Amino acid sequence: MASPKRRAPYLLSLPALLFFAALLVTPLAMIAGLSFQAFDLNTGQIGGLTLGNYADTLGDPYYHTIFLRTVGIGLATTAICILIGAPEAYFLSRMRAPWRSIFLIVTLSPLLISVVVRTLGWALLFGRNGVINQVLAALGLASGPIPMLYTVQGVVIALVHVAVPFMVISVWAALQRLDPKVIRAASSLGASELTIFRRIVLPQIVPGILSGSLIVFALAASAFATPAIIGGRQLKVVATATYDEFLGTLNWPLGAAIAIVLLIVNAAIMLTYNRIVERRYARFAQ
Amino acid sequence: MSRNGTFAIAFHTLFVAFMLAPLVVVMWMSLTPSNLLSLPTTSFSLRWFWAILRHSQFIDAFWFSILLGVLSASLAMMLAVPAALALARYRFPGRDAFVALFLSPLIIPHVVLGVAFLRFFTQIGMTGTFIGLLGAHVLVIFPYGLRLVLAALTTSDPAIERAAISLGASQWTVFRRVLFPLMIPGVAGGWVISFIQSFDEVTMTVFVDSVLDDAAGAHVPLHRGIDRSAGGLGLDRRHSPHLPAHGHRGPHLRAGPYPGRQGLNARPAHPDLPRIGQCKRSL
């Protein structure tokens with residue numbers, strides 16, 4: 001009687017397990033294997049075991065720049081998302097009935113629209129003769145066109161647009177657990193708006209900000225479409241560099257090595273961060 | 001509850017403007033009659049929307065995306081429902097590892113997945129097949145579906161199932177009459193989220209698909225992510241042979257390196273390097 005009961009969960013998850021073994025574990029193992037193989041640039045042949053791809057990836061200043069730029073873009077995007085997403089979630093939560101849901105939908109609606117379309121919109125805004133520069137010129141605020149397309153700032157702005165809804169959702173979820181009585185008590189005791197935000201609201205939404213940051217950083221550091229369109233050919237990040245190795249120069253082993261390093265760095269950052277957050281804020285999670 | 005002050009309202013207005021700006025610009029651009037986005041504009045036209053209808057590749061791409069989304073979301077739910085039942089109703093050795101494995105596509109960068117699929121499909125000779133693309137999509141959207149079904153199951157009371165069993169219902173009856181009705185909201189929500197994820201997936205598809213184009217010579221869907229929207233017209237101007245693209249004067253779409261496959265194929269390749277199709281044979 002106990003045996004079929006014990007087998008049931010394994011049988012139920014078997015289809016999904018087989019599927020994951022075939023389409024996740026095998027491809028990742030293959031790509032890991034490929035990253036240790038040598039590549040002959042002249043013949044395009046692959047063969048022989050080597051650590052050369054990792055040496056190239058980790059030792060070449062060219063890739064250092066790309067990795068640092070990716071991490072920098074990720075950090076900058078995360079910081080800006082915290083600065084604008086957290087207050088916005090707070091203001092949203094204080095709105096009255098119809099407005100609150102309307103603007104929550106407005107904030108989240110870009111999630112339903114393709115990243116490519118949104119990035120295209122930014123490309124139109126950013127160009128030398130794009131909307132922003134035309135408006136600035138018409139107002140006489142800028143002497144010449146301000147470069148935004150193909151710059152790090154442009155990529156960060158577009159990525160903030162892609163990622164900030166996730167920050168708003170996380171902080172929003174944390175705000176829902178906030179007891180309005182505490183705020184009323186503070187206000188009846190004479191605390192100013194700013195004090196209430198700083199001493200009561202902020203400490204309670206920190207877990208929300210931290211979990212939002214994790215999502216935002218992961219999105220920004222592994223983004224492909226946005227840096228490809230806004231950053232262009234020169235301003236490479238890890239994702240677009242991997243693409244170039246695979247489909248441009250066709251050096252698959254090197255591309256595989258870059259991809260594996262990206263995977264490891266990404267997973268390491270997320271797991272470490274998650275562990276720290278869980279340890280520090282376990283008491284907040286009831 | 002206290003009201004928002006002037007600062008809050010101003011901040012909020014700027015935030016909403018920021019969120020809507022690119023969407024408004026894309027919509028606006030789709031309604032301008034000229035090839036350029038000119039400011040200020042006084043005339044509007046549906047010219048580009050008619051252009052979509054005239055170019056069958058956009059329509060084909062749209063239906064292809066729908067078909068792919070429907071099939072992959074349905075398959076993902078078929079795999080996710082039993083797995084969610086196992087994870088929600090049983091405690092067994094290896095359960096945590098299963099959860100980690102099933103949710104892992106969420107934390108693996110899609111570029112890495114795209115590269116891995118590209119290699120995998122090349123090795124097993126499934127390059128450019130619809131089945132391959134379908135499988136890749138199912139894997140990427142699986143965690144979203146799983147999470148919604150899991151959420152529906154964990155919030156429902158297992159006592160109801162036990163009551164049904166104690167009243168003599170068979171396993172199958174319990175599933176059909178009790179569990180499944182309880183799961184329906186989660187399954188439906190999971191299906192919709194999965195469909196949207198599949199429809200919107202660009203990064204990984206670019207890798208799997210780039211080979212599809214070269215190997216099969218098929219001129220199927222470009223820009224799966226864009227094609228459904230009028231905003232895709234920005235690209236139509238570039239691709240259409242009848243409409244000269246004024247990339248140097250207008251919005252710099254032309255310079256965008258790889259918004260899709262067109263950019264890839266148009267890129268001047270190293271003359272002495274093999275094309276993907278040939279490279280595949282040499283690998």
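Residues numbered from 1 in each chain as written. Chains lettered and ligands numbered in written order. Predicted model: local features only at pLDDT ≥ 70, side-chain atom pairs only at ≥ 80, totals over all residues.

1. Looking at the overall build of chain A
Logical step 1: Each helix and strand counted, chain A has twelve helices and two strands in total.
Logical step 2: Helices (α) and strands (β) of chain A occur, in sequence order from the N terminus, as α-β-β-α-α-α-α-α-α-α-α-α-α-α.
Logical step 3: Here chain A, with 286 residues, has 43% of them falling under the buried criterion.
Logical step 4: Sequence separation of at least 24 residues holds for 72% of the intrachain contacts in chain A that already meet a minimum separation of 6. (Helix = DSSP H or I, 4+ residues; strand = E, 2+ residues; numbered from the N terminus. Buried ≥ 20, exposed ≤ 12 C-beta atoms within 10 Å, placed from the backbone. Contact = placed C-beta atoms within 7 Å.)

2. Quick word on the overall build of chain B
Logical step 1: In terms of helices and strands, chain B carries twelve helices and zero strands.
Logical step 2: N-terminal to C-terminal, the α/β element order of chain B is α-α-α-α-α-α-α-α-α-α-α-α.
Logical step 3: Out of the 283 residues in chain B, the part that is buried amounts to 42%.
Logical step 4: For chain B, the share of sequence-separated contacts (at least 6 apart) that also reach a separation of at least 24 residues comes to 78%.

3. A few points about the UniProt feature "domain: ABC transmembrane type-1" (unreviewed entry) in chain A
Logical step 1: According to UniProt, the feature "domain: ABC transmembrane type-1" (unreviewed entry) maps to residues 67–273 of chain A in the numbering used here.
Logical step 2: Along residues 67–273 of chain A, the helical share is 78% and the strand share 0%, with 19 Å between the first and last C-alpha atoms. (UniProt positions renumbered as here; feature names shortened; annotations may be inferred.)

4. Side note on the packing of helix α5 (residues 115–126) of chain A against helix α1 (residues 6–30) of chain B
Logical step 1: Running from N to C, α5(A) and α1(B) point in directions that differ by 80°, and their axes come no closer than 8 Å. One element, α5(A), and the other, α1(B), form an angle in the roughly perpendicular class. When α5(A) is examined against α1(B), the residues A:Val117, A:Arg118, A:Leu120, A:Gly121, A:Trp122, A:Leu124 and A:Leu125 are found in contact with a partner set consisting of B:Ala21, B:Pro22, B:Leu23, B:Val25, B:Val26 and B:Met29.
Logical step 2: Taken together, the residues of the contact of α5(A) with α1(B) sort by class into eleven nonpolar, one polar and one charged. (Axes fitted to C-alpha atoms, helices over the stretch in contact; angles between N-to-C directions. Parallel < 35°, antiparallel > 145°, perpendicular 65-115°, else oblique. Nonpolar A, V, L, I, M, F, W, Y, C, P; charged D, E, K, R; others polar.)

5. Examining the environment of B:Met204
All names here are of chain B.
Logical step 1: Summarising the element assignment, Met 204 is placed in helix α9 (residues 203–216).
Logical step 2: Given 26 C-beta atoms within 10 Å, Met 204 falls into the buried group.
Logical step 3: Taking the C-alpha atoms as reference points, Met 204 and Ile 52, separated by 152 residues in sequence, lie 25 Å from one another.
Logical step 4: Here Met 204 is in contact with His 110, Leu 113, Gly 114, Phe 117, Ala 136 and Val 140, once residues within four sequence places are set aside.

6. Digging into unusual backbone geometry
Logical step 1: In this structure, A:Tyr150 is a non-glycine residue whose phi angle is positive, near 65°.
Logical step 2: Examined against the element boundaries, A:Tyr150 turns out to sit in the loop between α6 (131–138) and α7 (152–176).

7. With respect to the confidence of the model for chain A
Any region with low pLDDT has predicted coordinates that should not be read closely.
Logical step 1: In this model, chain A carries an average pLDDT of 86, and 97% of its residues clear a pLDDT of 70 or more.
Logical step 2: When mean pLDDT is taken per element in chain A, helix α3 (residues 61–93) of chain A scores highest with 93 and strand β2 (residues 46–49) of chain A scores lowest with 77. (pLDDT = per-residue confidence, 0-100.)

8. Here's the deal with the environment of B:Arg91
Logical step 1: As for its placement among the helices and strands, B:Arg91 is situated in the loop between α3 (56–89) and α4 (95–103).
Logical step 2: Residues B:Arg91 and B:Thr154, spaced 63 residues apart in sequence, show a C-alpha to C-alpha distance of 13 Å.

9. What to know about α1(B)
Residues and elements named next belong to chain B.
Logical step 1: Taking 1.5 Å per residue as the helical rise, α1 with its 25 residues ought to reach 36 Å, and the 35 Å between its terminal C-alpha atoms agrees with that figure.
Logical step 2: At Leu 20, α1 is deflected by roughly 40°, the largest bend along its length, and proline Pro 22 occurs up to four residues later in sequence.
Logical step 3: All of the buried residues along α1 are His 12, Phe 15, Met 19, Pro 22, Val 25, Val 26, Met 29 and Ser 30. (Expected span 1.5 Å × (residues − 1). Bend = angle between axes of the 7 residues up to and from the residue.)

10. What about the UniProt feature "transmembrane region" (unreviewed entry) in chain A?
Residues and elements named next belong to chain A.
Logical step 1: According to UniProt, the feature "transmembrane region" (unreviewed entry) maps to residues 62–90, 102–127, 147–175, 205–230 and 250–273 in the numbering used here.
Logical step 2: Secondary structure over residues 102–127 splits into 73% helix and 0% strand, and the C-alpha atoms at its two ends are 31 Å apart.
Logical step 3: Across residues 250–273 one finds 92% helix and 0% strand; the C-alpha atoms that close the span lie 35 Å apart.

11. So, the UniProt feature "transmembrane region" (unreviewed entry) in chain B
Residue and element names in this part refer to chain B.
Logical step 1: Per the UniProt entry, the sites bearing "transmembrane region" (unreviewed entry) are residues 7–31, 62–85, 97–118, 130–153 and 174–196 in this numbering.
Logical step 2: Taken end to end, residues 97–118 has its terminal C-alpha atoms 26 Å apart, with 73% of it in helix and 0% in strand.
Logical step 3: Along residues 174–196 one finds 100% helix and 0% strand; the C-alpha atoms at either end are 31 Å apart.

12. Brief notes about the interface of chain B and chain A
Logical step 1: Each partner contributes to the interface: chain B provides 74 residues, whereas chain A provides 76 residues.
Logical step 2: Mapped by element, the contributors of at least two residues to the side of chain B that touches chain A are α1, α3, α4, α5 (110–123), α6 (130–155), α8 (171–200), α9 and α12 (276–282) of chain B.
Logical step 3: No other element matches the 13 residues that α1(B) contributes to the side of chain B that touches chain A.

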